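# Observations on the three-dimensional arrangement
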Amino acid sequence: PRGQTRPEQKDRVVLILLSLVTLLFSYPVVMTTFAPYDDEGYIMMTVRSFCDGHRLYGDVHTQYGPSFYLLSNVIHGWLGVPLTHDAVRLKTILLWSLSSLLCYMTLRRLHVEWFVAFFFSCMFHFHMDKLALEPGHPQEWILLLSVLCLWFCSGSWPYKWGASAFCVSL
């Protein structure tokens, strides 16, 4: 009927609004939060060494798994995103916000009303503010892959379990 918005259109509008909310909240939090310990520089040095071709656990001393370095190499090596504090922090903001958008999309797949999904996706996003303490660390990838796994599981795609297992394996 005339005057009603199709659910797909409404979800697009809500996703744009959620993107704005998440980015406007995340940017100042990530760009102004500094932990009393400096782990960010260490991570950046190990990622740089890996991207330069050094072997993990032999030449590159780290406690993190290889998937983190492979994903980081895609971003900073193949895609050419510079390995600077600003770029690493912007990547944290992007992965954090994408996780919140996936949270909304997963809730909508589960037939949760748009306003409830929006509210809980915002709460999810605000709750993850601890990511700002350690930009560039594996937990931002773990968050995104975990929510992506839930998104796959909530769908009807025939390969959803394989895609979910792949996310878990990373």
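Everything below is about the structure shown above.
Below is a summary of the structure that appears in this document.

Scoring rules and cut-offs
Residues numbered from 1 in each chain as written. Predicted model: local features only at pLDDT ≥ 70, side-chain atom pairs only at ≥ 80, totals over all residues. Heavy atoms only, no water. 1 Å grid on protein atoms, 1.4 Å probe; cavity = no way out; pocket = protein on both sides within 12 Å on 5 of 7 lines; lining within 4 Å. Points joined across faces, edges and corners; volume = space filled by probe spheres on them. Helix = DSSP H or I, 4+ residues; strand = E, 2+ residues; numbered from the N terminus. Nonpolar A, V, L, I, M, F, W, Y, C, P; charged D, E, K, R; others polar. Disulfide = S-S within 2.5 Å. Patch = residues over 30% accessible without salt bridge, like charges linked within 9 Å, V, L, I, M, F, W, Y side chains within 5 Å. Areas by Shrake-Rupley, 256 points an atom, 1.4 Å probe, with all protein chains shown as cover. Salt bridge = Lys/Arg side-chain N within 4 Å of Asp/Glu carboxyl O. Buried < 20%, exposed > 50% of the residue type's maximum accessible area, 1.4 Å probe, protein only. Axes fitted to C-alpha atoms, helices over the stretch in contact; angles between N-to-C directions. Parallel < 35°, antiparallel > 145°, perpendicular 65-115°, else oblique. Contact = heavy atoms within 4.5 Å.

Bringing the layout of surface pockets into the picture now. Space inside the largest pocket adds up to approximately 190 Å³. Residue lining of the largest pocket: 14 residues in total, with Pro138, Trp141, Ile142, Leu145 and Leu170 positioned closest to the centre. At the level of secondary structure, the elements contributing two or more residues to the lining of the largest pocket comprise α3 (66-78), α6 (138-153) and α7 (160-169). For the lining of the largest pocket, the leading source of residues is α6, giving five residues. Each residue belonging to the lining of the largest pocket can be placed in one class, and the counts come to 11 nonpolar, three polar and no charged.

Bringing the state of the cysteines into the picture now. Within the structure shown, the criterion is met by zero disulfides. Residue cysteine 149 stays outside any disulfide, its sulfur separated by 4.4 Å from that of cysteine 153, the closest cysteine.

Right, let's talk about a nonpolar patch on the surface for a bit. Taken together, the side chains of Ile16, Leu20 and Leu24 define a hydrophobic patch exposed on the protein surface, amounting to about 330 Å² of accessible area. Residue classification places leucine 20 among the partly exposed residues on the basis of a relative accessible area of 48%.

In a pair of packed helices, the angle between the axes and the distance between the axes together describe the arrangement. With their axes 9 Å apart at the nearest point, helix α2 (residues 40-51) and α3 run at an angle of 80° to one another. Between α2 and α3, the interaxial angle falls into the category roughly perpendicular. Where α2 abuts α3, its residues Ile43, Thr46, Val47, Phe50 and Cys51 lie against Phe68, Tyr69, Leu70, Ser72, Asn73, His76 and Gly77.

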